[in-house]
Amino acid sequence: MIKQKRGIVLGSAAVLLATLAVTGVGLRLARSQASFQDNPKEVVDEVWQIVNRTYVDGTFNQVDWRAVRKDYLGRTYKNQEEGYKAVREMLKKLGDPYTRFMNPEEFQAMQIDTSGELTGVGIQLAKDEKTNQLVVIAPIEDTPAFRAGILSKDVIVKVDGKTTKGMEVDDAVKLIRGKPNTKVVLTIKRGDRNIDYPLVRARIEIHPVRAQVENTPIGKIGYIRLNQFSSHASDEMKTAIGDMEKQKVKGYILDLRSNPGGLLYSSVEIARQWLDTGRIVSTVDRRGEVEQQTANNNALTDKSLVVLVDGGSASASEILSGALQDNKRALIVGTKTFGKGLVQSVRGLGDGSGLAVTIQKYLTPKGTDINKHGIKPDVVVELTDQQRKDLQKERDKIGTMADPQFAKAFDILKQQIAKQGGSGSQATK
């Protein structure tokens, strides 16, 4: 995982309602598909073996995992569907919504390149571990869900009138996905209200980086909005920083709000563009073995940096913001991040189905486990639901002085630059 294999993803990235952040996942057909189809126990045992070898919790949620194998292999399965049902039952015992089984159709839907086109409504979806409700991590910018006003932390209670109670993420995805220009109605619970959102599905092309130079009273400021840690995000970030350095900006605001994460290696590569030295992230498996990624003296700039985050900033966003905060490279502004620090490996199984299994958790450079806790900003700036809706409806205001969180970030950046006599270099060190 930390070795930057492209089949490794961060659990909180969840589902992009057309895709998960997975690339290069191939099927490992050690045995023929015919064998698996003739004997559903083959898949049951293969899943058990993978979990037994790699699952992050060596106690398996205080479950006797060997007894589980004996139980499920001792059963009779009439067909493959019964085997799949048994696998899902078996995995539920782990109490981990991010370790999940996908039938061949579901697994195939995941196997697309994160460079960027997807079909759907444009939300990242996860299952809340405590309530078992389907929760929106964040809407993707400039998508049907974003334009309609769906917000981070919204709970999806119905899809086209069908209740989602007890529904798995993959089952919800199948209901929400569909052909472009077709309609789907999501019923969202927000606070005490249920709201119907009629949406039209679309093909969505994601450009991970949006960058612009702002002329301000204190000089040029670089604004970079990173929407997703896709396979091209690092290259686009490098280009953006390089262009802005040529224009001699005095400082930067990096916007990670509503960024649900993506590929782990992408977050590490981007962190290295801002950090010259220091640890970026550590990962810990169930044996307590720690792997670390560090900066490599190749930072593209040392100018002052302020980072914007919110409750929709998850996973890889938390790795990046945590690394910049712990190394005192940037000040973090906004609200507490989503709080998911789990890493998954996605594997193809012998019959064309797939398994996402949580194999590690990650820690910030100071050793903080942010899973369920999130990154706490240095400066908290809350937005009301109405302010968030207004910014979603008038997207041109995002990253301007009409955006309250950006306005605060700019004020802080201005102070940092002033402390350095206007150069902006090494402002937080």
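Quick caveat, the model's predicted, so the values are computed rather than measured. (Residues numbered from 1 in each chain as written. Predicted model: local features only at pLDDT ≥ 70, side-chain atom pairs only at ≥ 80, totals over all residues. Heavy atoms only, no water.)

Draft legend 1. Geometry of the overall build of the protein. For the protein, the count of helices and strands is 12 helices and 20 strands. Looking at the protein as a whole, 57% of its 429 residues qualify as buried. Nonlocal contacts in the protein, meaning residues at least 24 apart in sequence, comprise 71% of its contacts between residues at least 6 apart. Total accessible area on the protein is roughly 17,800 Å²; 45% of this is exposed by carbon and sulfur atoms. (Helix = DSSP H or I, 4+ residues; strand = E, 2+ residues; numbered from the N terminus. Buried < 20%, exposed > 50% of the residue type's maximum accessible area, 1.4 Å probe, protein only. Contact = heavy atoms within 4.5 Å. Areas by Shrake-Rupley, 256 points an atom, 1.4 Å probe, with all protein chains shown as cover.)

Draft legend 2. Quick look at the sheet that holds strand β17 (residues 331–334). Spatial strand order, β11-β12-β13-β16-β17-β20: 6 strands in an open sheet with mixed pairing. Two strands lie at the open edges of the sheet, namely β11 (209–216) and β20 (379–380), each paired on one side alone. Sheet topology places β11 next to strand β12 (residues 219–226); 8 bridges connect them, and they run antiparallel. Pairing of glutamate 214 across the sheet is with isoleucine 221, part of β12. Here helix α12 (residues 404–419) sits on the sheet in contact with β11, β12, β13 (251–255), β16 (304–309), β17 and β20, set at roughly 160 degrees to β16. (Pairing = 2+ DSSP bridges. Axes fitted to C-alpha atoms, helices over the stretch in contact; angles between N-to-C directions.)

Draft legend 3. How the structure looks around the layout of surface pockets. Approximately 640 Å³ is the volume attributed to the largest pocket. Leu94, Gly95, Asp96, Pro97 and Thr99 are the residues nearest the centre of the largest pocket, which is lined by 28 residues in total. Taken together, the elements giving at least two residues each to the lining of the largest pocket come down to α4 (80–92), β2 (100–102), α7 (169–176) and β19 (354–363). Per-class residue counts for the lining of the largest pocket are 8 nonpolar, 7 polar and 13 charged. (1 Å grid on protein atoms, 1.4 Å probe; cavity = no way out; pocket = protein on both sides within 12 Å on 5 of 7 lines; lining within 4 Å. Points joined across faces, edges and corners; volume = space filled by probe spheres on them. Nonpolar A, V, L, I, M, F, W, Y, C, P; charged D, E, K, R; others polar.)

Draft legend 4. The nonpolar core, seen in detail. In this structure, Ile224, Met237, Leu254, Trp274, Val307 and Leu324 are the most contacted members of the largest nonpolar core, which totals 36 residues. Put simply, the parts of the chain that give this core at least two residues each are β12, α8 (233–246), β13, α9 (264–274), β14 (279–284), β16 and α10 (316–326). If near-sequence neighbours (up to four positions away) are discounted, methionine 237 is found in contact with Val209, Ile224, Leu226, Leu254, Ile270, Gln273 and Trp274. Ile50, Trp65, Tyr84 and Val87 belong to the second-largest nonpolar core, a separate cluster that totals 24 residues. (Core = buried A, V, L, I, M, F, W, Y, C linked by side-chain atoms within 4.5 Å.)

Draft legend 5. Expanded view of the packing of α9 against α10. As a packed pair, α9 and α10 sit with axes 9 Å apart at the nearest point and diverge in direction by 25 degrees. Considering the angle they form, α9 stands roughly parallel to α10. Where α9 crosses over α10, the handedness of that crossing is right-handed. Of the residues in α10, those in contact with Leu264, Ser267, Ile270, Ala271 and Trp274 of α9 are Ala316, Ile319, Leu320 and Leu324. (Parallel < 35°, antiparallel > 145°, perpendicular 65-115°, else oblique. Left-handed = near helix turned anticlockwise from the far one by under 90°.)

Draft legend 6. Representation of the pairing of β12. Taken across its 8 residues, β12 has 6 buried, putting it largely inside the fold. Here β11 folds back onto β12, and the loop between the two strands holds 2 residues. Note: β12 against β13, 5 bridges, orientation parallel. Bridge assignment links isoleucine 224 to a residue of β13, and that residue is leucine 254. Remark: the β12/α8/β13 crossover connection has right-handed handedness. (Right-handed = clockwise from strand over helix to strand, strands pointing away.)

Draft legend 7. Structural view of empty space enclosed by the protein. Taken as a whole, this structure holds 5 cavities of 30 Å³ or more when the rule is applied. Forming the boundary of the largest cavity are 13 residues, of which Ile140, Glu141, Asn227, Ser258 and Pro260 lie nearest the centre. In terms of residue class, the lining of the largest cavity is built from 5 nonpolar, 5 polar and 3 charged.

Draft legend 8. Region of the structure containing the environment of valine 44. Mapping valine 44 onto the fold places it in helix α2 (residues 41–54). Separated by 46 residues in sequence, valine 44 and methionine 90 place their C-alpha atoms 8.7 Å apart. The contacts of valine 44, once residues within four sequence positions are left out, are Tyr72, Leu73, Tyr77, Gly83, Val87 and Met90.

Draft legend 9. A look at the pairing of strand β4 (residues 123–127). Of all 5 residues that make up β4, 5 are buried, and the element is covered over most of its length. Covered by surrounding structure in β4 are Ile123, Leu125 and Lys127 together with Gln124 and Ala126, the residues of both alternating faces. Where β4 meets strand β5 (residues 134–139), 5 bridges bridge the pair, whose relative direction is antiparallel. What sits directly across from isoleucine 123, in β5, is proline 139. The hairpin formed by β4 and β5 contains 6 residues between the paired strands, and asparagine 132 there has a positive phi angle of roughly 65 degrees.

Draft legend 10. Main features of the side chain of threonine 187. Checked against the element boundaries, threonine 187 lands in strand β8 (residues 183–190). For threonine 187, the side chain forms a polar contact with the side chain of aspartate 196, separated by 2.7 Å. For threonine 187, the residues in contact, after removing those within four places along its chain, are Val155, Ile156, Val157, Lys158, Asn194, Ile195 and Asp196. (Polar contact = N/O pair within 3.5 Å; in protein donor to acceptor, adjacent residues only side chain to side chain.)

Draft legend 11. Up close: the packing of aromatic side chains. Tallied over the entire structure, the rule returns 6 aromatic pairs. Seen from their ring centres, tyrosine 223 and phenylalanine 406 are 5.4 Å apart, and the 85 degrees between their planes marks the pair as edge-to-face. Of the two residues, tyrosine 223 is situated in strand β12 and phenylalanine 406 in helix α12; the sequence distance between them amounts to 183 residues. The class of tyrosine 223 is buried, set by a relative accessible area of 1%. Here phenylalanine 406 falls in the buried class, since its relative accessible area comes to 5%. On the numbers, 5.1 Å between centres and 80 degrees between planes, the contact of tyrosine 252 with tryptophan 274 is edge-to-face. Within this pair, whereas tyrosine 252 is found in strand β13, its partner tryptophan 274 is found in helix α9, the two being separated by 22 residues in sequence. Both residues of the pair, tyrosine 252 and tryptophan 274, count as buried. (Phe/Tyr/Trp six-rings, centres within 6.5 Å; stacked < 30°, edge-to-face > 60°.)

Without other data, these values stay purely geometric and don't point to any function.
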